[in-house]
Amino acid sequence: MEGKSKIKLLKILEVMRKTDENHPLTIDEIRRKLDQYGIEAERKSIARDLKVLGDSGFQIVLCENHNDGWYMIEHTFQDFELKLIADAIASTRLLTMDDTRSLIKRIKGFATPDAENFLDNTVVVDPAIKEKNHRLSIYFDLVMRAIVAGKKITFQYIDRMSSEKAVKNNGEVIQASPYYLVPMNGKYYAVCCTDQSTSVHNFRLDLMVNIQMTDFDIKPKKEVEELKEIGHTMTDGDYLRISTHSWAGVKENVTLEGINWCRVNVSDKFGNDITIHSKGEDKFIVHMKVAVNEGFYQWLASYGTNLKLLSPENRVAEFKEYIGRIYEQYE
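Thresholds applied
- Residues numbered from 1 in each chain as written.
- Predicted model: local features only at pLDDT ≥ 70, side-chain atom pairs only at ≥ 80, totals over all residues.
- Heavy atoms only, no water.
- Pairing = 2+ DSSP bridges.
- Helix = DSSP H or I, 4+ residues; strand = E, 2+ residues; numbered from the N terminus.
- Axes fitted to C-alpha atoms, helices over the stretch in contact; angles between N-to-C directions.
- Patch = residues over 30% accessible without salt bridge, like charges linked within 9 Å, V, L, I, M, F, W, Y side chains within 5 Å.
- Areas by Shrake-Rupley, 256 points an atom, 1.4 Å probe, with all protein chains shown as cover.
- Salt bridge = Lys/Arg side-chain N within 4 Å of Asp/Glu carboxyl O.
- Parallel < 35°, antiparallel > 145°, perpendicular 65-115°, else oblique.
- Contact = heavy atoms within 4.5 Å.
- Nonpolar A, V, L, I, M, F, W, Y, C, P; charged D, E, K, R; others polar.

Chemist: I'd love a proper account of the sheet that holds strand 3 (residues 151-157), names of residues and values included.
Modeler: Here five strands make up an open sheet; going across it, the order is 6-5-4-3-7 and the pairing antiparallel. Single-partner strands in this sheet number two, and they are strand 6 (201-204) and strand 7 (208-217). With direction set aside, neighbouring strand axes in the sheet form an average angle of 45°. Bridge count for strand 3 against strand 4 (residues 174-184) is three bridges, and the pairing is antiparallel. What sits directly across from Ile153, in strand 4, is Ala176.

Chemist: Before we move on, could you go through a nonpolar patch on the surface and cite the residues and values that matter?
Modeler: On the surface, a nonpolar cluster with roughly 320 Å² of combined accessible area is contributed by Ile323, Ile326 and Tyr330. Secondary-structure assignment places Ile326 in helix 12 (residues 313-328).

Chemist: I'd like a rundown of the packing of helix 11 (residues 294-301) against helix 12, residues and numbers included.
Modeler: Remark: helix 11 packs on helix 12, axes separated minimally by 11 Å, with the N-to-C direction vectors making an angle of 70°. Put simply, helix 11 runs roughly perpendicular to helix 12. For the pair helix 11 and helix 12, the contacting residues are Glu294, Tyr297, Gln298, Leu300 and Ala301 in the first and Arg315, Glu318, Phe319, Tyr322 and Ile323 in the second. Residue classes in the contact of helix 11 with helix 12 are distributed as six nonpolar, one polar and three charged.

Given below as structure tokens:
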């Protein structure tokens, strides 16, 4: 009997999570919903359970017009938060369509009727971007657990230049210390340091195969060139922000000049920890610290004549060579 009472209490809480000021429930309506779960309950016992939930910290209140019933004031998520979570689930390429639908359905379990209707009409899932199987989600979980446990992983890496998706270096097995799993441009990257290196390498998760977690402890961050300042002059967020396009590279100060319409884009890309000042009415100058590499040059080139690299001089020379190689392809 005690077990049934606990189940009834939990089901009442579940029912009340779907209520709000605009969608209260009377005792009779709660009883009918319990009937749908095969749970019989008297009016007085439901009223007692509502009081127990209220005394336990759940803010369930009676409407000003008592005939309108009861509703819950505070919810785990606000409507806009549910929308943000559902959109993130819908847009990730990591999940299959079935997993995406299942997760969004669970998210709706936290929604009020209005919020559920809103999600039904605004969350769009594109089947074309979804995985066909669970391989990536399994690998994601495995790498994440290795990061939390502080253990190395082994894997093979697919050669992106191969039309047959062959493994690089004749099937070489890579052993590496994983530190982060980072979303970038619709893909996830595992930020690692291989046993043969003291610098980070960013491996695309969808190109990693045969991943296994080992019993070996990861290489301490202080022994990794790009990460050794974390906890001192740099945070984890600082490192991830300045590693443009998830390409590894030397972090250094650069100065750019741009047309004003690019200003917000630059701020969005590199965060608030940059220095920007105006130059005349239609231009700006920005000083920032980034990983200077081909990824940075690709990003810079995408703005054409609207962004210009001013310094350091050696990087300006390198960027000119990069642009020159692109030009040569069309001669």
